Amino acid sequence: GTIYRLSDREISATTGFLFTHSKIVPIATIDNIRTRRDFIDSLFGLVDIYIDTPEHYGDELVMKHVPQKQAKKMLEMLSELTDKTPKAMGSVPKKS
């Protein structure tokens, strides 16, 4: 599985079990935050979060199938830390 971590300085994703790979994105470099939910994600209460930086062509970090409650908290924290409002590519996570 993948473990996502968010601090006031960076967001990271670590994948793997025996051999791990980590991707770290400094908060200061984030210039765009987007969300997406397809039909299957909606059925299971999941959200995909896309993080962009100016240094990277395309998405710097993609967090796939994040549970809706965790996604809501993460998006709120990212919005506060970056002063960016997440944009929906599909439908946005429902507020509970």
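Residues numbered from 1 in each chain as written. Predicted model: local features only at pLDDT ≥ 70, side-chain atom pairs only at ≥ 80, totals over all residues. Heavy atoms only, no water.

## What about the pattern of salt bridges?
Right, so step 1: The final tally for this structure, using the stated rule, is 5 salt bridges.
Right, so step 2: Across the salt bridge formed by D59 and R34, the nearest N and O atoms sit 2.1 Å from each other. Here D59, found in the loop between β5 (46–52) and β6 (61–67), pairs with R34, found in strand β4 (residues 32–36); they are 25 residues apart in sequence, far enough to count as distant.
Right, so step 3: Here D59 falls in the partly exposed class, since its relative accessible area comes to 26%.
Right, so step 4: On the basis of relative accessibility, which here comes to 18%, the residue R34 falls in the buried class.
Right, so step 5: Where E76 meets K72, a salt bridge forms, and the shortest distance between an N and an O atom there is 3.8 Å. (Salt bridge = Lys/Arg side-chain N within 4 Å of Asp/Glu carboxyl O. Helix = DSSP H or I, 4+ residues; strand = E, 2+ residues; numbered from the N terminus. Buried < 20%, exposed > 50% of the residue type's maximum accessible area, 1.4 Å probe, protein only.)

## Details of the nonpolar core
When a protein is soluble and globular, its nonpolar side chains tend to lie buried together.
Right, so step 1: Counting 16 residues, the largest nonpolar core has I11, I30, I49, I51, M63 and L78 as the members making the most contacts within it.
Right, so step 2: Taken together, the elements giving at least two residues each to this core come down to β2 (10–15), β5, β6 and α2 (68–82).
Right, so step 3: Top element by residues in this core is α2. It accounts for 4 residues.
Right, so step 4: What I49 contacts, discounting residues up to four positions off in sequence, is I33, R34, T35, L61, V62, M63, A71, M74 and L75. (Core = buried A, V, L, I, M, F, W, Y, C linked by side-chain atoms within 4.5 Å. Contact = heavy atoms within 4.5 Å.)

## Re the pairing of β4
Right, so step 1: In terms of burial, β4 is a largely internal element, 4 of the 5 residues being buried.
Right, so step 2: Relative to β5, β4 runs antiparallel, the two being bridged by 5 bridges. Across the sheet, R36 pairs through a bridge with D48, a residue of β5.
Right, so step 3: With 2 bridges connecting them, β4 and strand β7 (residues 87–88) associate as parallel partners. Along β7, the bridge assignment pairs T35 with A88. (Pairing = 2+ DSSP bridges.)

## Some points on the pairing of β2
Right, so step 1: Here strand β1 (residues 2–6) pairs with β2 via 5 bridges, running antiparallel. The residue bridging Y4 from the neighbouring strand is A13, located in β2.
Right, so step 2: Where β1 folds back onto β2 in an antiparallel hairpin, the turn is made up of 3 residues.

## Digging into the sheet that holds β4
Right, so step 1: Ordered by their spatial adjacency, 4 strands build an open sheet running β6-β5-β4-β7, and the pairing between neighbours is mixed. Two strands lie at the open edges of the sheet, namely β6 and β7, each paired on one side alone.

## A look at a nonpolar patch on the surface
Right, so step 1: Residues F39, I40, L43 and F44 make up a contiguous nonpolar surface patch of roughly 500 Å² in combined accessible area.
Right, so step 2: Mapped onto the secondary structure, F39 falls in helix α1 (residues 39–44).
Right, so step 3: By relative accessible area, F39 is classed as exposed at 60%. (Patch = residues over 30% accessible without salt bridge, like charges linked within 9 Å, V, L, I, M, F, W, Y side chains within 5 Å. Areas by Shrake-Rupley, 256 points an atom, 1.4 Å probe, with all protein chains shown as cover.)

Function-wise, these values are silent; they only describe arrangement.
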